[in-house]
Amino acid sequence: MDGKALGLKIREEVKIKAAAIKAKGITPCLAVVLVGEDPASLSYVTSKEKALEEAGMESRDIRLPESTSENELLSIIKELNNDNKVHGILVQSPVPKHINEENVIEAVAPEKDVDCFHPVSVGNMILEKGGFLPCTPHGVLKLLREYNIQVAGAHVVIVGRSNIVGKPLANLLIRKEYNATVTLCHTGTKDLIKHTLQADILIAAAGRPAFIKPDMIKNGAIVIDVGINRVEDASAKKGYRVCGDVDPCAADRASFFTPVPGGVGPMTIAMLLQNVIESAQRSLSK
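Residues numbered from 1 in each chain as written. Predicted model: local features only at pLDDT ≥ 70, side-chain atom pairs only at ≥ 80, totals over all residues. Heavy atoms only, no water.

**Some words on the pairing of strand 3 (residues 88–91)**
Judged by which residues are buried, strand 3 turns out to be covered on both faces: G88 and L90 on one side and I89 and V91 on the other are all buried. Bridging between strand 1 (residues 29–35) and strand 3 involves four bridges; their strand directions are parallel. Note on strand 3: the bridge partner recorded for V33 is V91. (Buried < 20%, exposed > 50% of the residue type's maximum accessible area, 1.4 Å probe, protein only. Helix = DSSP H or I, 4+ residues; strand = E, 2+ residues; numbered from the N terminus. Pairing = 2+ DSSP bridges.)

**Let's talk about the packing of aromatic side chains**
Summed over the entire model, instances satisfying the criterion amount to one aromatic pair. Aromatic side chains Y147 and F256 sit 5.8 Å apart centroid to centroid with 65 degrees between the ring planes, which places their arrangement in the edge-to-face category. Highlighted residues: Y147 in the loop between helix 6 (135–146) and strand 4 (155–159) and F256 in strand 10 (residues 254–257), separated in sequence by 109 residues. Of note, R282 hangs over the ring of F132, and the distance from its end group to the ring centre comes to 4.6 Å. (Phe/Tyr/Trp six-rings, centres within 6.5 Å; stacked < 30°, edge-to-face > 60°. Lys NZ or Arg CZ within 6 Å of the ring centre and 35° of its normal.)

**A look at the nonpolar core**
Membership of the largest hydrophobic core comes to 52 residues, with the highest contact counts inside it found for M57, L144, L173, I201, I203 and I224. Looking at this core, the element that brings in the most residues is helix 9 (residues 264–284), giving 10 residues. Excluding residues that lie within four positions of it along the chain, L173 makes contacts with L141, V151, V156, I158, Y178, N179, A180, V182 and I203. (Core = buried A, V, L, I, M, F, W, Y, C linked by side-chain atoms within 4.5 Å. Contact = heavy atoms within 4.5 Å.)

**Some words on helix 7 (residues 166–173)**
Of all the eight residues making up helix 7, six are buried; the element is thus mostly covered by neighbouring parts of the structure. Those residues of helix 7 that sit buried are G166, P168, L169, A170, L172 and L173.

**What about the sheet that holds strand 6 (residues 201–204)?**
With parallel pairing, the five strands of this open sheet are ordered in space as 5-4-6-7-10. Of all the strands in the sheet, the pair left with one neighbour each is strand 5 (181–185) and strand 10. Direction aside, neighbouring strands of the sheet carry axes that sit 20 degrees apart on average. (Axes fitted to C-alpha atoms, helices over the stretch in contact; angles between N-to-C directions.)

**Quick notes on the packing of helix 2 (residues 39–54) against helix 9**
Between two packed helices, both the angle of their axes relative to each other and the distance between the axes serve to describe the pair. As a packed pair, helix 2 and helix 9 sit with axes 10 Å apart at the nearest point and diverge in direction by 55 degrees. One way to sum up the angle between helix 2 and helix 9 is to call them oblique. For the element pair helix 2 and helix 9, the recorded crossing hand is right-handed. On helix 9, the residues that touch S47, K48, A51 and L52 of helix 2 are I269, L272 and L273. (Parallel < 35°, antiparallel > 145°, perpendicular 65-115°, else oblique. Left-handed = near helix turned anticlockwise from the far one by under 90°.)

**Regarding the environment of L8**
Looking at the secondary structure, you find L8 in helix 1 (residues 3–22). Each C-alpha atom of the pair L8 and H155 lies 29 Å from the other, and the pair is 147 residues apart in sequence.

Structural data, given as structure tokens:
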């Protein structure tokens, strides 16, 4: 399943929508806030900023030192909430340990919460009250639809219960429009392989390199690998390589398989851009 190709297709659609909004005098804008110099975070932020620029959107780049206090960060978020030219706010995670991440998440106005992390955003998603959908789970759903995967009636097994992927994805898949039967597994699950072997669609989001082995996958299953893990590799140019949560050898057992990189990752950025566009479109009607 080629997430890179589908992601580029969605980004082209976003570019057209952005041009239409700009013609009405509004430039879709995402404020990207990065505290500190975590290498992985810096890489992710740079990718997002490049994607925004290519889509004809504005990236409000806010880089803050590691020493930034929680109050200083919350003050900046408040200013962005009140800035009508900003349509989305993204505070790159993780923040330094002296800052309470929950306070940061709750400081972002729900109408600008393009990550869908705020409790109000999450509640709206679960209750189907509208609003943004979380980027990575939404990207997974787009991939399944693009490849005409039969989700209704399928047994979906998700390995991982994070607030970013596992929990929201389970809630989206049980909506009537998808009608999947979902099993959510985690570190407390006994006999994990018994559950994964029952999966028509197996989604790995555990954050553990090559955790899902070939013998854990039913022949012909659809395998979605959400994991993006950096593994030290002296032979690699950057000193590390990126791999997923699924052993690459497992692809032989699957009918469809998302590679890492090039699978779910590009979809996450594409859906982020789409959320910013949705926010900008709403501002036109105000």
